Amino acid sequence: MRAFRELMDVYNVEDYMACATSAMRDVTNGPEVVKRVSEIGIDIAIIDGTKEAEIIYNSHLEAKMDMDKVYLYIDVGGGSTELSLFANAKLVNSKSFNLGTIRILDNKDEQETWDDLKEWVTTNTKMYKQVYGIGTGGNINKLSRLANEKGDKPISYAKLKALYHYLTSYSLKERITLLGLNDDRADVIIPATEIFMTIMKYGHLKQIMVPRVGLVDGVIHTLIKKNLLK
């Protein structure tokens, strides 16, 4: 963090946002970490799932939406999964679940959380005739590239399921050496796919779009908007 502060000084940075998400929300010493980092000149905000979704929405996600359609935004991270439902390009409901790729790999996911996820998705989508998925995060970006050469087409539930079976047919080592996945992607991509498949199944999502935007994009647009209003 000291290096970040020094870089900010070198480039005369006048405004910034430093956001901490799921991992910092979970640890007991989060406030202490924030205090220690503030001593070197960086103020970190520990944001909840709703705020995280709001920031990502500021990445001009609404520009990718059809006003007449209903969308379920899905962001799968290492510690949590953020869900936000949009209708008429307006946020209808959102929730954060303690269900992430690292949490699953470490066997720290709980059946109750899976059940809560399924219930929330079912309850919040059942009144709509058709719901379209929007996925963000490194794992869905990689899945999109694996599913489509150009990586700009929606992924169907059937395609995602086929990809899951294809990936799980290889060992972790083979996913790295034969499929060319990065070391830090080859393991987490499996639980990430399981989360996306579960949400698509219970929300009856036929396909999911991958606009390749995330929290960092939202932070940039939030700062631009803030400073333009000055």
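Just above sits the structure.
The structure presented is a predicted model; accordingly, all values stated were derived computationally and were not measured.

The rules behind these values
Residues numbered from 1 in each chain as written. Predicted model: local features only at pLDDT ≥ 70, side-chain atom pairs only at ≥ 80, totals over all residues. Heavy atoms only, no water. Buried < 20%, exposed > 50% of the residue type's maximum accessible area, 1.4 Å probe, protein only. Helix = DSSP H or I, 4+ residues; strand = E, 2+ residues; numbered from the N terminus. Pairing = 2+ DSSP bridges. Expected span 1.5 Å × (residues − 1). Arc of directions from axis to C-beta. Contact = heavy atoms within 4.5 Å. Core = buried A, V, L, I, M, F, W, Y, C linked by side-chain atoms within 4.5 Å.

Caption draft 1: Expanded view of the pairing of strand β3 (residues 70-76). Taken across its seven residues, β3 has seven buried, putting it largely inside the fold. Here β3 shows two buried faces, one formed by Val70, Leu72, Ile74 and Val76 and the other by Tyr71, Tyr73 and Asp75. Connecting the antiparallel pair β3 and strand β4 (residues 81-87) is a turn made up of four residues. When β3 meets strand β6 (residues 131-136), the two strands line up parallel, connected through six bridges. Bridge pairing in β6 places Tyr71 opposite Tyr132.

Caption draft 2: Inspection of unusual backbone geometry at higher detail. Residue Asn107 is not a glycine yet carries a positive backbone phi of 60°. Counting through the fold element by element, Asn107 comes out in the loop between α5 (101-105) and α6 (111-125). Its identity is not glycine, yet His204 carries a phi of approximately 55°, on the positive side. Taking the relative accessible area as the measure of exposure, His204 reaches 64% and is therefore exposed.

Caption draft 3: Representation of helix α12 (residues 215-228) within the structure. Here α12 spans 20 Å end to end across 14 residues, near enough to the 20 Å set by a 1.5 Å rise per residue. Along α12, the residues classified as buried are Gly218, Val219, Thr222 and Leu223. Mapping the buried residues of α12 onto a view down its axis gives an arc of 135°, with all of them on the same face. Turned more than 90 degrees away from the buried face of α12, the exposed residues are Lys225 and Leu228. Contacts made by the buried residues of α12 are with β1 (18-20) and α4 (49-57).

Caption draft 4: Looking closely at the nonpolar core. Core analysis: the largest hydrophobic core is formed by 36 residues, its most contacted members being Leu72, Ile74, Leu83, Leu117, Leu143, Ile155 and Ile199. Going through the elements one at a time, β3, β4, α6, α7 (138-147), α8 (157-168) and α11 (189-202) are the ones with two or more residues in this core. The dominant element in this core, judged by the number of residues it contributes, is α11, at eight residues. The contacts of Leu143, once residues within four sequence positions are left out, are Ile155, Leu160, Leu163, Leu167, Ile189 and Thr193. Core analysis: the second largest hydrophobic core is formed by eight residues, Ile56, Tyr57, Phe86 and Ala89 among them.

Caption draft 5: Local environment of the pairing of β4. Buried residues dominate β4, accounting for seven of its seven residues. Side-chain alternation along β4 places Thr81, Leu83, Leu85 and Ala87 on one buried face and Glu82, Ser84 and Phe86 on a second face that is also buried. Alignment of β3 against β4, held across seven bridges, turns out to be antiparallel. Among the inter-strand pairings, Val76 is bridged to a residue of β4, identified as Thr81. Relative to strand β5 (residues 90-97), β4 runs antiparallel, the two sharing seven bridges. In the strand pairing of β5, Phe86 is matched with Leu91. Counting the residues in the hairpin turn of β4 and β5 gives two residues, including Asn88, whose phi is positive at 55°.

Purely geometric numbers; function is a separate question.
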